[in-house]
Amino acid sequence: MDYQEIDYGVGDGILTITLDRPDRLNAFTIRMQQELVDAFDRADTDDEVRAVVVTGRGRGFCAGADLGGGQLGGGHAGDGADERAAFDRDDDPATFRDEGGLVSLRVFESLKPVIAAINGPAVGVGITMTLPMDVRLASDTAKIGFVFARRGIVPEACSSWFLPRVVGISQAMEWVTTGRVFAAGEALSAGLVRSVHPPDELLPAAYALAREIADNTSSISVALSRQMLWRMLGAQHPMDAHRVDSRGVLATGRSADAREGVTSFLEKRPARFPLRVSRDLPDIFS
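Note that the structure is predicted; figures quoted are calculated from it, not measured. (Residues numbered from 1 in each chain as written. Predicted model: local features only at pLDDT ≥ 70, side-chain atom pairs only at ≥ 80, totals over all residues. Heavy atoms only, no water.)

## A short note on the overall build of the protein
Here comes step 1: Check the secondary structure of the protein and you find 11 helices and nine strands.
Here comes step 2: When the backbone C-alpha atoms are referred to their principal axes, the protein occupies close to 60 × 40 × 40 Å.
Here comes step 3: Burial analysis of the protein (286 residues in total) assigns 47% to the buried set.
Here comes step 4: Sequence separation of 24 or more characterises 70% of the internal contacts of the protein that already satisfy a separation of 6 or more.
Here comes step 5: Of the roughly 13600 Å² of accessible surface on the protein, 54% is carried by carbon and sulfur atoms.
Here comes step 6: The centroid of the 31 positive side-chain charges in the protein is displaced by 6 Å from the centroid of its 40 negative side-chain charges. (Helix = DSSP H or I, 4+ residues; strand = E, 2+ residues; numbered from the N terminus. Buried < 20%, exposed > 50% of the residue type's maximum accessible area, 1.4 Å probe, protein only. Contact = heavy atoms within 4.5 Å. Areas by Shrake-Rupley, 256 points an atom, 1.4 Å probe, with all protein chains shown as cover. Lys, Arg positive; Asp, Glu negative; His and termini not counted. Charge placed at Lys NZ, Arg CZ, Asp CG, Glu CD.)

Following this line, the structure appears as structure tokens:
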């Protein structure tokens, strides 16, 4: 896919996805949704990518759905007949899926760990799309808001599932029902973000975390562990986790990565894990 609204760049094992509509504070569009899904598809098949950092170009992370011309639900004005005002949408309720949710579901399925570097305003889908990302860091200039109730709509991007699991139901309810915009410090106190940084230190901090993953871990272990933790949030009983854990222990314990992990530890040297996600990932969830 030819990217027009994001930038995709891989360097030294880290993929940076940059939301790239700075003149609109990187407001979300249907085109951006399609490009993000494609980017995560591409990352999963690229063994060079060990971790993903998502950030925004310019002074904003993502100002939510582009409301130019009264557009909602991922569309924005001026891009042609496919972009329609949400007020006039005639989608079939039985089949319609919100565009932000398509991004969140794709991030949820990612085989690579995902770090959000929230460099500025992140409201509406601009924050809900980050909830299935594994770690969020924010600039101290960032403003965050789940503003849906103030626009007469409801949260999207699967955030009714993700947000209470990230910060707890009471905090989620306060933010969603008031729709107020709050500072990065409040997001830190509530556990929505892992750390807050001056603007020029945000990306270096995100890359340092990504480097810790890329330099020291098995890509197979990370891919399986990420899916195990996220999927078990919805499990009905610890036995569900025990079954998956047991299959994972059996599959990885016999692997070349496990042998290398133990050998490198005994030899006091960095590990050189040979297995690759694109060809060696076992299925422990079927």
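Still to come is the rest of the account.
## Some thoughts on the environment of Ala39
Here comes step 1: Along the chain, the position of Ala39 falls in helix α1 (residues 30-44).
Here comes step 2: C-alpha of Ala39 to C-alpha of Ile17: the two residues are 22 residues apart in sequence and 7.8 Å apart in space.
Here comes step 3: For Ala39, the residues in contact, after removing those within four places along its chain, are Tyr3, Ile6, Tyr8 and Ile17.

## What about the sheet that holds strand β9 (residues 195-197)?
Here comes step 1: Spatially, β1-β2-β3-β4-β6-β9 is the arrangement adopted by the six strands of the open sheet, whose pairing is mixed. At either end of the open sheet lies a strand with only one pairing partner, and these are β1 (6-11) and β9. Across the sheet, the mean angle separating the axes of adjacent strands is 20 degrees when strand polarity is ignored.
Here comes step 2: Here strand β4 (residues 114-118) runs beside strand β6 (residues 135-139); their pairing, made up of four bridges, is parallel. Across the sheet, the residue bridging to Ile115 is Val135, located in β6.
Here comes step 3: Lying on the sheet, α1 is in contact with β1, β2 (14-19), β3 (51-56) and β4; it crosses β1 at an angle near 15 degrees.
Here comes step 4: Across the sheet, helix α7 (residues 199-216) lies against β2, β3, β4, β6 and β9, angled at about 160 degrees from β6, the strand it touches most. (Pairing = 2+ DSSP bridges. Axes fitted to C-alpha atoms, helices over the stretch in contact; angles between N-to-C directions.)

## What to know about the packing of aromatic side chains
Here comes step 1: Under the counting rule described, the total for this entry stands at nine aromatic pairs.
Here comes step 2: Centroid distance Phe108 to Trp230: 6.3 Å. Interplanar angle 65 degrees. Geometry classified as edge-to-face. Taken as a pair, Phe108 in helix α2 (residues 99-108) and Trp230 in helix α8 (residues 219-232) lie far apart in primary sequence, 122 residues in all.
Here comes step 3: Here the aromatic rings of Trp175 and Phe182 are separated by 4.3 Å at their centres, their planes lie at 15 degrees, and the arrangement is stacked.
Here comes step 4: Of the residues examined, Trp175 reaches a relative accessible area of 0% and is grouped as buried.
Here comes step 5: Site record: aromatic cluster; members linked through ring pairs are Phe108, Trp161, Phe162 and Trp230.
Here comes step 6: Here the guanidinium or amino end of Arg165 rests over the ring plane of Trp161, the centre of that ring lying 3.9 Å away. (Phe/Tyr/Trp six-rings, centres within 6.5 Å; stacked < 30°, edge-to-face > 60°. Lys NZ or Arg CZ within 6 Å of the ring centre and 35° of its normal.)

## What to know about the sheet that holds strand β7 (residues 143-145)
Here comes step 1: Spatially, the three strands line up as an open sheet ordered β5-β7-β8, and their pairing is mixed. In this open sheet, the two edge strands, each paired with only one partner strand, are β5 (122-123) and β8 (181-183).
Here comes step 2: With two bridges joining them, β5 and β7 adopt parallel strand pairing. By the bridge assignment for β7, Ala122 is matched with Ile144.

## Brief notes about the pairing of β6
Here comes step 1: Taken across its five residues, β6 has four buried, putting it largely inside the fold.
Here comes step 2: When β6 meets β9, the two strands line up parallel, connected through three bridges. Looking at the pairing, Leu137 lines up with Ser195 of β9.

## Some remarks on α2
Here comes step 1: Summarising burial for α2: eight of the 10 residues are buried, a large majority.
Here comes step 2: Burial in α2 covers these residues: Glu99, Gly100, Gly101, Val103, Ser104, Arg106, Val107 and Phe108.
Here comes step 3: If you follow the buried residues of α2, they end up packed against α1, β4, α3 (125-128), α4 (159-167) and α8.
Here comes step 4: A distance of 3.1 Å separates the backbone nitrogen of Gly100 from a side-chain oxygen at the start of α2, and that oxygen is part of Asp98. (Polar contact = N/O pair within 3.5 Å; in protein donor to acceptor, adjacent residues only side chain to side chain.)

## Observations regarding the side chain of Thr130
Here comes step 1: Checked against the element boundaries, Thr130 lands in the loop between α3 and β6.
Here comes step 2: Look at Thr130 and you get buried, because its relative accessible area is 0%.

## A short note on helix α5 (residues 169-178)
Here comes step 1: Looking at α5, one finds that the buried residues are Gln171, Ala172, Trp175 and Val176. Down the axis of α5, the buried side of the element spans an arc of 120 degrees, and every buried residue falls inside it. With respect to the buried face of α5, the exposed residues turned more than 90 degrees away are Ile169, Ser170 and Thr177.
Here comes step 2: The elements touched by buried residues of α5 are α4, β8 and α6 (184-189). (Arc of directions from axis to C-beta.)

## With respect to the confidence of the model for the protein
Here comes step 1: Residues at a pLDDT of 70 or more form 92% of the protein, whose mean pLDDT is 92.
Here comes step 2: For the stretch residues 69-85, pLDDT sits under 50, and the model shows 40 contacts to residues farther than four places along the chain or on other chains. (pLDDT = per-residue confidence, 0-100.)

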